[in-house]
Amino acid sequence: MQCIRKQASRSKSEELLHQAQSKKVASLNSKILDMEDDLDLQFLLNGAGLVKVRSGSWKKTRFYKLQEDCKTMWHESKKTLRSKQTFSVDDIESVRSGRQTEGLRKFTEEGLEPKAFSILFKGRRKNLDLLASSDEEAKHWVNGLQKIISNMNKLSQQRKTQHWIFNCLRKADINCDNKMSPEELKNFLHDINIEVDDHYVKMLFEKCDKSKCGTLEGDEIRHFYEILTQRDEIDVIYAEYAKTEGLMSAANLLEFLLKEQREEVDLSRAVQLIDHYEVDETAKAKQLMTKDGFLMYLHQPEGLIMNPAHKSVYQDMKQPLNHYFISSSHNTYLMEDQLKGPSSTEAYIRALMKSCRCVELDIWDGSDGEPVIYHGYTLTSKILFKDAIKAIKEYAFKTSEYPVILSLENHCSVEQQKLMAHYMTSILGSALLTKPLGEHMPTELPSPEALKGRFLVKGKRLNKLEHFFSEHAAAEDEETVTEEEDCRDEDEEKTSSKRSKKLKMAKELSNIIIYCKSVAFHGFEHAREKQAFYEMSSFKEGDAAKYAEKSANEFIRHNSEKLSRIYPSSFRTDSSNYNPVPLWNAGCQIVALNFQTPSLEIDLSHGLFGQNGHCGYVLKPSFLRDRATEFDPITLTRGPWLRHKELHVMIISAQQLPKVSEKTTSIVDPLVRVEIYGVPADTAEKETRHIHNNGFNPMWNTNFQFDLYVPELALVRFVVEDYDSVSSNDFIGQCTVPFSSLQNGYRHVPLFNKNGDLLSSAGLFVHIMALDAE
């Protein structure tokens, strides 16, 4: 969240004063970030020229400088109509040293490696490829930015708020006299997303203006800050349990944990929380918790809505692959739409860094003998297959150590298939699975645990897996297989001559297809009788949805033994997504979504896979793993899956919601909607009223109740929107949590923007109570 205000022109003396104060402010911010006297930070604050690289012919020097808030980067621009010449450190996904992006590898020489670095942004913003003047300067930029990002992420919620408000106050002080006039105060409130009338500003100002001099300064500004950041709802809760000289003792805190948070803990846990989060050393020495310490605790993982134990891998990872939901991407190489958008290795990196465990490669013959990846018969750009494999190799296991499935859509000639096999075996090396695990023919798929750090290739295979263990296996050469993977929709099939095309297959490629052999689906009965455990089918979304609705139990039993992959309709040329929930309800493991498109469906996917250490694998409930299960999400016959729960949700307040418009006068009118996704009987939503002109600290105190019948499949989504009476509401943020990962009691809910990135200062405060229904 930024506070940028256009400064009025200054005289020479005013400019000198401003510079002196800027250094002082930068020094204070460096202390907050624990980077005081850091040489890399000082270099960034002084700024330097960098060569911005866009193409072979567009390489221009621009000046970049970190602003005094130690969070906002200003850069020179030659565009006369450019309104914004800044970006926030919050917008940065990562900083990479060297020529690690497609642009730098393509448009710069290898000798420039030590001077090159890239800034990669969240969302769809283009990378910033840069060249420093020297190797040393490049190190300053990379190290400095990485340290700022890391230290910002480590700040407590209170310190983040302090840093943000302090810098907003600084920018509201237009004449740089370290004082706040009533007008500056009102402008500041606008900046932090509060619209107030002149009467309220006058009342607030007079309450703080103890000196009666018409401006606020020093302790008066600090008093104003305390009024602004006071959390009345926290005061009420704290006062109820602060029974020891006005403070919370360990026993008082334990009472709160047992009664309100419904946690099964003892006194030692309360003592531990005080030791970890109490900010007053005197109180801590007496094993007491102040209100500030209590608020600190409520902002830590222990006080958030998601069970912190589920932030690590907590599920059994030794079951067969088909017993897990697997985070999966469709046409992973695309950055935008399916018709003319760019293809990029960066798309693979982004998906893998979000712990996607199944990526798709759509491979075609390249004109120079090199296989390429792009969306066939469209205008999407092309990338080399070998470059994609290199990127996948480098980033596959940075966020999860569990196996990655390479889903091949192979349209290549035999010669280029041989090259594909060569690249995969040479680049991926021993991490590529090229034979079954063990010495004997297996009877089920291996587990994620057994496949840690390995790559599995999904595609057509010329013979059966049993041939690996047969002394008389035929030494097959190229043969033809039917190419029906990712067939287009039925309407297309009627008019297309490209369907059921015969494809010659190289044995070198066939031999590295081990546990994920692609086969056509010919019905559940045929699959039961003829399909081996290592054979899997792909279903277009329309067919899969019909099976999930009309033959749900059969689909579930099928998926209890074999893998199924679902992919979007080819008519989704805008890269939109289908609803994955009915497919998860039917036990489908690889429900492939367009990761590049922010959407409700992607929110649900991130919510489901946010548990279990965000490793990309989530163990399916037992009733979806049982081959003889009677579960049907549509009819909901009686069984162990029926566990009627009452979910009570109280939406209490929100803090520091971002603006949806960059206009200074734009203030949000927030409302909160709670949505339940799961089996049809559990699907529901309820919303609060909207709060007029307050995105900083709106309060609702609104209660909702939901009835859940299959809680193991339920996802709870909190959505915050800016109310609009004329058009549709604007999205502000959301958080999706599996019901089984919810914590009872008073909890803060972190919010994520439409791209799935954390809104660092924003959040909801709620009360949750999940009870067994009588």
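Relevant structure appears above.
For the structure given in this document, a descriptive report is provided here. (Residues numbered from 1 in each chain as written. Predicted model: local features only at pLDDT ≥ 70, side-chain atom pairs only at ≥ 80, totals over all residues. Heavy atoms only, no water.)

Another aspect to go through is the pairing of strand β30 (residues 758–772). Two elements, strand β23 (residues 645–655) and β30, share ten bridges in a ladder whose sense is antiparallel. Counted as the bridge partner of L647 is A770 from β30. Here strand β29 (residues 745–752) folds back onto β30, and the loop between the two strands holds five residues, one of which, G756, carries a positive phi near 85 degrees. (Pairing = 2+ DSSP bridges. Helix = DSSP H or I, 4+ residues; strand = E, 2+ residues; numbered from the N terminus.)

Tracing the backbone shows K390 in helix α15 (residues 385–395). Distance in space between the C-alpha atoms of K390 and T345 is 8.9 Å, their sequence separation being 45 residues.

Within this structure, the stated rule accounts for 29 aromatic pairs. Ring centres 5.7 Å apart and planes at 85 degrees place the aromatic pair F43 and W141 in the edge-to-face group. Here F43, found in helix α2 (residues 39–46), pairs with W141, found in helix α4 (residues 135–154); they are 98 residues apart in sequence, far enough to count as distant. For the pair shown, F43 and W141 are each scored as buried. Aromatic pair F623 and F631: ring centres 4.6 Å apart, planes at 50 degrees, arrangement tilted. F623 sits in the buried class, given a relative accessible area of 4%. Aromatic rings pair up to connect Y238, Y241, F256, F294, Y297, Y746 and F765 into one cluster. (Phe/Tyr/Trp six-rings, centres within 6.5 Å; stacked < 30°, edge-to-face > 60°. Buried < 20%, exposed > 50% of the residue type's maximum accessible area, 1.4 Å probe, protein only.)

In terms of burial, strand β10 (residues 324–329) is a largely internal element, six of the six residues being buried. On β10, burial covers both faces: Y324, I326 and S328 on one face and F325, S327 and S329 on the other are all buried. As judged from the three bridges shared by β10 and strand β22 (residues 617–619), these two strands associate in the antiparallel manner. Within β22, the position partnered with I326 by the bridge is Y617. Relative to strand β21 (residues 590–593), β10 runs parallel, the two sharing four bridges. Considered in β21, the bridge of S327 is made with V591.

Ordered in space as β4-β3-β2-β1-β7-β6-β5, the seven strands form an open sheet in which the pairing is antiparallel. In this open sheet, the two strands that pair with only one neighbour each are β4 (86–88) and β5 (92–97). Across the sheet, the axes of successive neighbouring strands diverge by a mean angle of 30 degrees, strand direction being ignored. Here strand β6 (residues 116–121) runs beside strand β7 (residues 128–131); their pairing, made up of four bridges, is antiparallel. In the sheet register, S118 faces β7, and the bridge partner there is D129. (Axes fitted to C-alpha atoms, helices over the stretch in contact; angles between N-to-C directions.)

A few words on the packing of helix α6 (residues 182–191) against helix α7 (residues 198–208). Across the interface, α6 lies against α7 with an axial gap of 10 Å and an inter-helix angle of 115 degrees. Between α6 and α7, the crossing angle belongs to the class labelled roughly perpendicular. Helix-helix and strand crossings are classified by hand; for α6 and α7 the assignment is right-handed. Residue-level inspection shows P182, L185, K186 and L189 of α6 in contact with α7, the latter providing D198, V201 and F205. Classifying every residue of the contact of α6 with α7 by side-chain character gives five nonpolar, no polar and two charged. (Parallel < 35°, antiparallel > 145°, perpendicular 65-115°, else oblique. Left-handed = near helix turned anticlockwise from the far one by under 90°. Contact = heavy atoms within 4.5 Å. Nonpolar A, V, L, I, M, F, W, Y, C, P; charged D, E, K, R; others polar.)

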